[in-house]
Amino acid sequence: MTYYMELRRSEERGMEKGMEKGMEKGRMEGRKEGRMEALKSLVVSKLLSLKDAAAAAGMSEEKFKEIADL
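An account of the accompanying structure is given in this report.

What counts, and at which threshold
- Residues numbered from 1 in each chain as written.
- Predicted model: local features only at pLDDT ≥ 70, side-chain atom pairs only at ≥ 80, totals over all residues.
- Heavy atoms only, no water.
- Axes fitted to C-alpha atoms, helices over the stretch in contact; angles between N-to-C directions.
- Helix = DSSP H or I, 4+ residues; strand = E, 2+ residues; numbered from the N terminus.
- Parallel < 35°, antiparallel > 145°, perpendicular 65-115°, else oblique.
- Contact = heavy atoms within 4.5 Å.
- Nonpolar A, V, L, I, M, F, W, Y, C, P; charged D, E, K, R; others polar.
- Patch = residues over 30% accessible without salt bridge, like charges linked within 9 Å, V, L, I, M, F, W, Y side chains within 5 Å.
- Areas by Shrake-Rupley, 256 points an atom, 1.4 Å probe, with all protein chains shown as cover.
- Salt bridge = Lys/Arg side-chain N within 4 Å of Asp/Glu carboxyl O.
- Lys, Arg positive; Asp, Glu negative; His and termini not counted.
- Charge placed at Lys NZ, Arg CZ, Asp CG, Glu CD.
- Buried < 20%, exposed > 50% of the residue type's maximum accessible area, 1.4 Å probe, protein only.

**Remarks on the packing of helix H1 (residues 3–44) against helix H2 (residues 50–57)**
Consideration 1: At a minimum axis distance of 9 Å, the contact between H1 and H2 shows a crossing angle of 170°. Judged by the inter-axis angle, H1 sits roughly antiparallel to H2. Along the contact surface, H1 presents Arg-35, Met-36, Leu-39 and Val-43, while H2 presents Leu-50, Ala-53, Ala-56 and Ala-57.
Consideration 2: Residues that form the contact of H1 with H2 fall into these classes: 7 nonpolar, no polar and 1 charged.

**Some words on a negative patch on the surface**
Consideration 1: Together, Glu-29, Glu-33, Glu-37 and Asp-69 give the surface a local cluster of negative charge.
Consideration 2: Among the residues examined, Glu-29 registers a relative accessible area of 41% and is labelled partly exposed.

**Notes on the pattern of salt bridges**
Consideration 1: In the structure shown here, the tally under the stated rule is 6 salt bridges.
Consideration 2: Across the pair Arg-27 and Glu-24 runs a salt bridge, and its minimum N-O distance is 3.1 Å. You can see Arg-27 and its partner Glu-24 sitting in helix H1, 3 residues apart, about one turn around the helix.
Consideration 3: What makes Glu-24 partly exposed here is its relative accessible area of 31%.
Consideration 4: A single network of salt bridges, built from pairs that share partners, joins Arg-8, Glu-11 and Glu-12.

As structure tokens, then:
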């Protein structure tokens, strides 16, 4: 195998790893956004207090209001 072929193969592996990391990060962000939307929906529906929703999200009530646009 030539040096060029090995270099190309190494680049491809690096790109694949980068894409996998990016996809995982996207999934994690999507889950976080979905959780926030669910908590926001429960607060708006008055099924959950703002205090409890903020606690479930692991943040202050003020920060929750800011992020959830309440």
